[in-house]
Amino acid sequence: MSSKEKPTLGGTRIKTRKRNIAAPLDPAAFSDAVVQIYLDNAGDLELVAKSIESTDLNFSRYGDIFFEVVFIGRRTQPGTVKPDEGERHPYSVIDCEPKREAILPSVVYIQKILRRRPSLIKNLENVTRRFLQSLELFEENERKKLAIFTALAFSQKLSGLPPETVFQPLLKDNLVAKGIVLTFVTDFFKEYLVENSLEDLISILRRGKMEDNLLDFLPPVRRTAESFAEHFTKEGLTDLVEYHSKKMFEVKLKEIKTVLTSKVTEESSVDEVIETVKQLVKDAKLPEIEVVRVVWDGLMDAVQWSGKNQQQNANSVLRQVKAWAPLLNTVCSSGKLELELMYKVQMQCYEDAKLMKVFPEVVRSLYDLDVLAEDTILHWFRKGTNTKGRQTFVKSLEPFVNWLEEAEEEE
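Residues numbered from 1 in each chain as written. Predicted model: local features only at pLDDT ≥ 70, side-chain atom pairs only at ≥ 80, totals over all residues. Heavy atoms only, no water.

- As annotated in an unreviewed UniProt entry, the chain carries the name W2 domain-containing protein and comes from Brassica rapa subsp. trilocularis.
- Of the comments in the UniProt record for the chain, the one headed Sequence similarities (unreviewed entry) reads "Belongs to the BZW family." (UniProt positions renumbered as here; feature names shortened; annotations may be inferred.)

Dropping the structure here:
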């Protein structure tokens, strides 16, 4: 055994790993501090913003509470929108008069805060979503203030409020059923349109995925196009009513076209498709001329096109026309509607280069199948008003027209 003295650790400093020590949560103290800033500056939002900028409060941890103080005057009690115990300031959004001039300064103030502290954008989104989902907990007058604030926020392009944050939370069944949502969006629409166009509003609705679903804002028992028109006409939003009527019209046309194309592709019977189209048209209350257009489009969408092979494409169109002539005959119940069908054929052949040469064959086929009358064809040939490719199509149809005229003279 060695008699050499073993080394010891005496006098040696051992480094210890530093651990992150979490500061205790104290949301009440944070809320009190922000409230005091408002009180110290007597609600002057310009001065409040400067104080907020210079303070060392922990906004990264208490960002949601900050916006609760902005909207309500103090942090809210858990699970509600009511202020927690303690002093609150009287300069919040819900303390304002329900007028744009009273609420606009708060929007401008928040914009300044977000420019200096962009990390708070997500907190604004969180609080806004939570408040909108809890609209029934606010008084009617307070809901109106929130609607005006939201409209002004979009009008001023306030950061942190994407449209889906506003519109999607509103679609809670209980809020919609009570009519709370309809009242809120009505106030929102009216305020937003004061300084913005209908196109701007539609753009917001589109981004919020509500452009095609405006009826969802109405209670289920009133969810009809007629109720929508009645309500918003009464509120003075006639441009919105006209837009919605047009949009609903387009949606119905698209639905009929989709159903028709699907049934044709599935090779459903002609009689079944005719009855389906009749029922859809009856339910949608569509003008006859639009029915002709959508039926032709639906049939053409179901054609299996063959790249650049013009002859195969021509044959495909002619087969489709022959197979579905009874349907075309059903919707073309007058000379005016037959003429509209000719215009649709003309546009199809004009817009699709591979079909330019098939126009006279389609017209001849429709004549042979008793879909187009001789008078209709002659009227189009002599007085047709659609100029798209007309000169080319007239020339290509001339031999057939001459044959018709000669046959007429012989009779």
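Some remarks on the overall build of the chain
- The secondary structure content of the chain amounts to 20 helices and 0 strands.
- Here the C-alpha atoms of the chain give a radius of gyration of 34 Å, more than 25% beyond the 22 Å that 2.2 N^0.38 yields for 411 residues.
- Dimensions of the chain, computed from C-alpha atoms along their principal axes, come out at roughly 125 × 85 × 40 Å.
- Within the chain, buried positions represent 47% of all 411 residues.
- Accessible area of the chain: about 22,500 Å², with a carbon and sulfur share of 48%. (Helix = DSSP H or I, 4+ residues; strand = E, 2+ residues; numbered from the N terminus. Rg over C-alpha atoms; globule rule 2.2 N^0.38 Å. Buried < 20%, exposed > 50% of the residue type's maximum accessible area, 1.4 Å probe, protein only. Areas by Shrake-Rupley, 256 points an atom, 1.4 Å probe, with all protein chains shown as cover.)

Remarks on the pattern of salt bridges
- Scanning the entire structure with this criterion turns up 22 salt bridges.
- A salt bridge links K247 to E211, with the nearest nitrogen and oxygen atoms 3.6 Å apart. You can see K247 sitting in helix α12 (residues 238-265) and its partner E211 sitting in the loop between α10 (198-207) and α11 (225-234), a full 36 residues away along the chain. Both residues of the pair, K247 and E211, belong to the buried class.
- Its salt-bridge partner being K278, residue E275 comes within 4.0 Å of it at the nearest N-O pair. With E275 and K278 both in helix α13 (residues 270-284) and 3 residues apart, the pair spans about one turn of that helix.
- With a relative accessible area of 49%, E275 lands in the partly exposed category.
- In the salt-bridge network here, residues are joined through shared partners; they are R206, E211, D212 and K247. (Salt bridge = Lys/Arg side-chain N within 4 Å of Asp/Glu carboxyl O.)

Here we look at the environment of D370
- Within the element layout of this structure, D370 appears in the loop between α18 (359-368) and α19 (374-383).
- As for D370 and A325, which are separated by 45 residues in sequence, their C-alpha atoms are 8.2 Å apart.

Side note on the domain arrangement of the chain
- Split into domains, the chain comes out as domain 1 (27-236) and domain 2 (246-409).
- For domain 1 versus domain 2, the separation of C-alpha centres amounts to 52 Å. (Domains from an automatic or database assignment.)

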